[in-house]
Amino acid sequence: MSQVNNVRALCALGTQWLVIVAAFAAVVWVDRWWAWPIAALVIATRQHAMLALMHEAAHYHFLSNRKVGDVVADLLCAFPLNMTTAGYRHQHMEHHRYVNTDKDPYWASMQQDPSWHFPRTPVKAAAVFLGDALGLYAPSHLKVVMPWTYWGRLLGGAKPKVSAAEHVRYVLYVSALITVLVTTGAWLHWLLLWVLPTTTVMMAFFRMRALGEHPLDAEIKGDETRETRDVKGTLLENFFVAPLNCNYHLTHHAFPSVPFYNLPVMHEELDKAGMLEDGVNRFDTYLGKHNSLVQYLTRKPEGSSEETLATTTPPPSQGVRMPLHS
């Protein structure tokens, strides 16, 4: 399951860019105002998928040749989203090593940001996601991703230092982007259909996925199987919220060497071993009416999540109950 398939990875990358190009072309071809927000929404979902592919490269299993994988991921996934694969990798490995502890950079930043604190009432929860879609939380999101960016590493002192090879390919990328924009005159299209979605609607999708991955409990359980979760999701939910099997996050933490296309099989093995429990580390959907993430996020805050769900969740099946540590 840990074997890398270059064809599947490149097909996934090519598919995202085909959809993006088609969305841009549709705006030009239709030439109506309503085509712009629809195209921006579709592009945001594929930008999210590109983040998932950058994540694959961060684990060195995007392509079988790691150096080539980093180059491709930078030029076609990370740089277009103003990030760098190496910068993201540095913090992401700390996240895996110290999940939901003070040393976990994701957990620490979320603890300091009230917008990540749930449960909330349905109205207040909806207000947070609407705020993301309108760009109201863009400054706080930018603060989190700054260490992953080229300029954050170059001028902000974020680790690791930018390598000579990264300097070269970043200059090549920026030169190519400017050349395309000057030649086509598509500055407005780039700003409204590319830059704007990354700071607005894509962040709403990102927040929903991130909230499903780990509970933000102040009291640490010390068991990765209870602090990481899988959300099966519907086809539509996974298109918008969790592309390329991002929804199998517990499975990914248990087996971080497994590429995204093999995670569903590994998820089934975890289920057979009795590691997954509804309402604790497994949800059926993000927005459904039964065993969904939104139910968990909008539950009554009194008591622990397990106490709250005890009346509606069937008793866990017997099986392996040992902590997993990636």
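Bear in mind that the values here come from a model prediction, so they are computed numbers and not experimental data. (Residues numbered from 1 in each chain as written. Predicted model: local features only at pLDDT ≥ 70, side-chain atom pairs only at ≥ 80, totals over all residues. Heavy atoms only, no water.)

A. Structural detail: the layout of surface pockets. Estimated volume of the largest pocket: approximately 610 Å³. What lines the largest pocket is a set of 21 residues, and nearest its centre among them are Trp17, Phe24, Leu177, Val180 and Trp190. For the lining of the largest pocket, the secondary structure elements donating two or more residues are α1 (6-30), α3 (66-78), α9 (164-184) and α10 (187-199). Examining the composition of the lining of the largest pocket, we find that seven residues originate from one element, α9, more than from any other. Of the residues that constitute the lining of the largest pocket, the class distribution is 18 nonpolar, three polar and no charged. Its volume calculated, the second largest pocket comes out at about 520 Å³. Lining the second largest pocket are 24 residues, and of these Pro80, Leu81, Asn82, Val195 and Thr198 sit closest to its centre. Residues of the lining of the second largest pocket, tallied by class, amount to 19 nonpolar, five polar and no charged. (1 Å grid on protein atoms, 1.4 Å probe; cavity = no way out; pocket = protein on both sides within 12 Å on 5 of 7 lines; lining within 4 Å. Points joined across faces, edges and corners; volume = space filled by probe spheres on them. Helix = DSSP H or I, 4+ residues; strand = E, 2+ residues; numbered from the N terminus. Nonpolar A, V, L, I, M, F, W, Y, C, P; charged D, E, K, R; others polar.)

B. Here's a closer look at the packing of helix α2 (residues 35-58) against helix α4 (residues 85-97). Closest axis-to-axis distance for the α2/α4 pair is 9 Å, and the angle between their directions is 70°. Judged by the inter-axis angle, α2 sits roughly perpendicular to α4. The segment α2 lies against α4, with Met54, His55, Ala57 and Ala58 engaging Thr85, Tyr88, Arg89, His92 and Met93. For the contact of α2 with α4, the class distribution of residues is five nonpolar, three polar and one charged. (Axes fitted to C-alpha atoms, helices over the stretch in contact; angles between N-to-C directions. Parallel < 35°, antiparallel > 145°, perpendicular 65-115°, else oblique. Contact = heavy atoms within 4.5 Å.)

C. Spatial organisation of the packing of aromatic side chains. Inspection of every chain in the model, using the stated rule, returns 14 aromatic pairs. Centre to centre, the rings of Phe79 and Tyr170 are 5.1 Å apart; their planes meet at 90°, and the pair counts as edge-to-face. With Phe79 in the loop between α3 and α4 and Tyr170 in helix α9, this pair connects stretches of sequence that are 91 residues apart. Taken individually, Phe79 and Tyr170 each receive the classification buried, so the pair is uniform in this respect. Between Phe260 and Tyr261, the ring centres sit 4.9 Å apart and the planes meet at 70°, which makes this aromatic pair edge-to-face. Of the two residues, Phe260 and Tyr261, both sit in the buried class. Through successive ring pairs, a cluster of aromatic residues spans Phe79, Tyr150, Trp151, Tyr170 and Tyr173. (Phe/Tyr/Trp six-rings, centres within 6.5 Å; stacked < 30°, edge-to-face > 60°. Buried < 20%, exposed > 50% of the residue type's maximum accessible area, 1.4 Å probe, protein only.)

D. Structural detail: helix α14 (residues 263-272). When α14 is considered as a whole, its buried residues turn out to be Leu263, Met266, His267 and Leu270. The arc enclosing the buried residues of α14, seen along the axis, measures out at 105°, which places them on a common side. Elements that come into contact with the buried residues of α14 comprise β1 (230-231) and α13 (249-254). Trailing α14 by a residue or two, Gly274 shows a phi angle of about 80°, which is positive. (Arc of directions from axis to C-beta.)

E. Representation of the nonpolar core within the structure. Residues Leu53, Met54, Phe62 and Met83 are the most contacted members of the largest nonpolar core, which totals 37 residues. Breaking this core down by element, the ones donating at least two residues are α1, α2, α3, α10 and α11 (201-213). For this core, the element with the most residues is α2, which contributes eleven residues. Apart from residues lying up to four places away in sequence, Phe62 is in contact with Val4, Asn6, Ala9, Leu13, Leu53, Glu56, Ala57, Gly69, Val72 and Ala73. Core analysis: the second largest hydrophobic core is formed by 21 residues, Met110, Ala125, Ala210 and Leu293 among them. (Core = buried A, V, L, I, M, F, W, Y, C linked by side-chain atoms within 4.5 Å.)

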